[in-house]
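# Notes for the structure review
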Amino acid sequence: MVSVNPASIPQSPLVAGMKCRVCGKQWPVSTTNFCEDDFGPLEVDYHYDRIKPLVSRQLFESRPNNMWRWKEFLPLNGEPTVGLHVGGTPLVKADRLGKAIGIENLWVKNDAVNFPTLSFKDRVVAVALSKAREFGLETVGCASTGNLANSVAANAAAAGLKSYILVPSDLERAKVLGTSVYGANVISVRGTYDEVNRLCTQIAFHHGWGFVNINLRPFYAEGSKTMGYEIAQQLGWRTPRNVVSPMAGGALIGKISKGFNELAAAGLIDAPRTSFFGAQATGCNPISGSVKENRERHKPVRKPDTICKSLAIGDPADGFFAAKLIRESGGWAEDVSDDEIRECMALLAGTEGIFAETAGGVTVAVARKLVRQGKIRPGEETVLCITGNGLKTQDSVAEILPAPAVINPQLPEFQALLVNGAPPVRKAEPAMA
Amino acid sequence: MAITVNIPPPLRPYAEGTDKISLSPADATTVAGALKVLVTRHPGLNDRMYTNGQLRPFVNVYLNNEDVRFLDGEFDAPLKDGDDVAIIPAVGGG
């Protein structure tokens, strides 16, 4: 096999450059992630007129079922070199969950089974690290609430990149182990995610490393669009009436929307009319708070307090843009308690056989709350985005689950159990309160 | 001792390459005051940091590593000798 140095590949003719999301000014493609005129975040801009004649439904469907089938819409110059098998996760028709929460036409996009690290972060990391190699970077890193840590560590290991992963010191043990095992340099920081993130920004400036969620963020975030393309294709090349997405930094919900819009711009689907609904934990609800209180800017949360660590970002980078999308699309945002999160983790598992992490509990519980509020109507086709795997956050749900019955290996004891002490069957509350 | 205001690398070209400035407590008594001194000494930073007299929304400012928005008085939080002010773009996360 001939090895090509990704750093030597000329810029893709499909990428127009970088564009400030505030003032719209164009910048060259680089590892600077913000506009030097006004500090606005930069986003990758494409030549859609060049992409449109190159793509078709047949082309995409003829390629392997992973996120790179959508490569014309992704910001690499050459072929991907990291995370070649990411994406292509199931869209599950969730009739039993739908009945429990009061939505007749419900789907679950299940990124809890993404490869290799069981969360949607594998999508963003595949793009960010492939791009890091195109920039010639040898050391990468991230600030993380856990899922990103796992994914950067695993994908960096497979790509032979050195990685520094900084996490808040109160992170779940499984997420720390699931990072260290890949040989990453894991640093546990006494502080909140936002403090870790600020430190990483300073490290990125100081060392010139590629932090996927900071100076590589414009490329990283593009990976999330593939969740949107997949949803549309899996529904038969159309978009749903509603999408419910968890929000931490607030980027995913916007990128699913961008994915829908790009498919429409390429003439592959009708113009989307999807309403976007955002889900947070009440213990860290800067974005849902700003939507509900009709504030343009979110109020940052100093000390997030929730079992849902993966959404515990008090000062979300995309908070402003997420809230704007939610308002303009006719959606809404809500937040739920830790008890509701646990209950709905078990509900999703018990109805659909999908064990999602705490953020999945947030998404299901918020969807149920939105139905009860009349914000989502029972007949509206709705997709829930499940973004991470429950095996990573087992402790958070353990306390509400029944302990197994213990018996001797004798048939009469088993029979007695059936008569006297069959394990409790959990019933969901009715959808309409 | 003095009060230090740190300039992030991407803004240094607009501050004649300077990485930080030192002030005495007599120069500025609040965080907002210290930022005003910064843009007075390096006028090239003014348009980058402010729009219509307001700090731009994606500029974060920290006093001794604490986000100024969490301090009593926010940008009017008082300064003392030895304090460290840092300007950091607010575009990480997720």
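To keep things clear, this report deals only with the structure shown in the data block. (Residues numbered from 1 in each chain as written. Chains lettered and ligands numbered in written order. Predicted model: local features only at pLDDT ≥ 70, side-chain atom pairs only at ≥ 80, totals over all residues.)

### Observations concerning the overall build of chain B
Across its full length, chain B holds two helices and seven strands. The N-to-C order of helical and strand elements in chain B reads β-β-α-α-β-β-β-β-β. In terms of overall size, chain B behaves like a compact globule, its C-alpha atoms giving a radius of gyration of 12 Å where 94 residues would be expected to give roughly 12 Å. By its C-alpha atoms, chain B is 30 × 30 × 25 Å across when sized along the principal axes. Put simply, chain B has 94 residues, and 32% of those count as buried. Taking all contacts inside chain B whose residues are at least 6 apart in sequence as the whole, residues at least 24 apart take part in 60%. (Helix = DSSP H or I, 4+ residues; strand = E, 2+ residues; numbered from the N terminus. Rg over C-alpha atoms; globule rule 2.2 N^0.38 Å. Buried ≥ 20, exposed ≤ 12 C-beta atoms within 10 Å, placed from the backbone. Contact = placed C-beta atoms within 7 Å.)

### A short note on the interface of chain A and chain B
Facing the 28 residues of chain A at the interface are 20 residues of chain B. A per-class count over the side of chain A that touches chain B returns 13 nonpolar, seven polar and eight charged. (Nonpolar A, V, L, I, M, F, W, Y, C, P; charged D, E, K, R; others polar.)

### Description of the sheet that holds strand β6 (residues 66-67) of chain B
All names here are of chain B. Strands sit in the order β2-β1-β7-β5-β6 across an open sheet of five strands; the sheet is mixed. A strand with exactly one partner marks an edge of an open sheet, and here the two such strands are β2 (20-23) and β6. For strand β1 (residues 3-6) and β2, the ladder comprises four bridges, and the chain directions are antiparallel. Across the sheet, Ile-3 pairs through a bridge with Leu-23, a residue of β2. Against the sheet, helix α1 (residues 31-41) contacts β1, β2, β5 (59-63) and β7 (84-89), and its axis sits at roughly 120 degrees relative to β2. (Pairing = 2+ DSSP bridges. Axes fitted to C-alpha atoms, helices over the stretch in contact; angles between N-to-C directions.)

### Some words on the environment of Arg173(A)
Residue and element names in this part refer to chain A. Counting through the fold element by element, Arg-173 comes out in helix α6 (residues 173-180). Residue classification places Arg-173 among the exposed positions, given that 10 C-beta atoms sit within 10 Å. Expressed as a C-alpha distance, the spacing of Arg-173 and Leu-252, which sit 79 residues apart in the sequence, is 25 Å.

### Let's talk about helix α12 (residues 319-328) of chain A
All names here are of chain A. Among the ten residues of α12, seven are classified as buried, and the element is accordingly described as predominantly covered. Where the residues of α12 are buried, they touch α10 (251-265), β11 (275-281), α11 (286-292) and β12 (333-336). Where α12 terminates, the next one or two residues include Gly-330, which has phi positive at roughly 80 degrees.

### Digging into helix α9 (residues 225-234) of chain A
All names here are of chain A. With respect to burial, α9 is a largely interior element, nine of its ten residues being buried. Within α9 the residues assigned to the buried category are Lys-225, Thr-226, Met-227, Gly-228, Tyr-229, Glu-230, Ile-231, Ala-232 and Gln-233. Where α9 ends, the next residue or the one after it, Gly-236, has phi of about 90 degrees, a positive value.

### Digging into the packing of helix α5 (residues 147-159) of chain A against α6(A)
All names here are of chain A. Relative to each other, α5 and α6 sit at 15 degrees, their axes nearing to 8 Å. One finds that α5 runs roughly parallel with respect to α6. Our pair here, α5 against α6, has a crossing hand that is left-handed. Of the residues in α6, those in contact with Ala-149, Asn-150 and Ala-153 of α5 are Lys-175, Gly-178 and Thr-179. When the residues that make up the contact of α5 with α6 are grouped by side-chain class, the tally is two nonpolar, three polar and one charged. (Parallel < 35°, antiparallel > 145°, perpendicular 65-115°, else oblique. Left-handed = near helix turned anticlockwise from the far one by under 90°.)

### A few points about the pairing of strand β13 (residues 382-386) of chain A
Residues and elements named next belong to chain A. Buried residues dominate β13, accounting for five of its five residues. The two faces of β13 match: Thr-382, Leu-384 and Ile-386 on one face and Val-383 and Cys-385 on the other face are all buried. Relative to β13, strand β5 (residues 106-110) runs parallel, the two sharing five bridges. Directly across from Trp-107, in β13, lies its bridge partner Val-383. Examined bridge by bridge, strand β10 (residues 242-246) and β13 share three bridges and lie parallel to one another. Residue pairing in the sheet places Asn-242 in a bridge with Thr-382 of β13.

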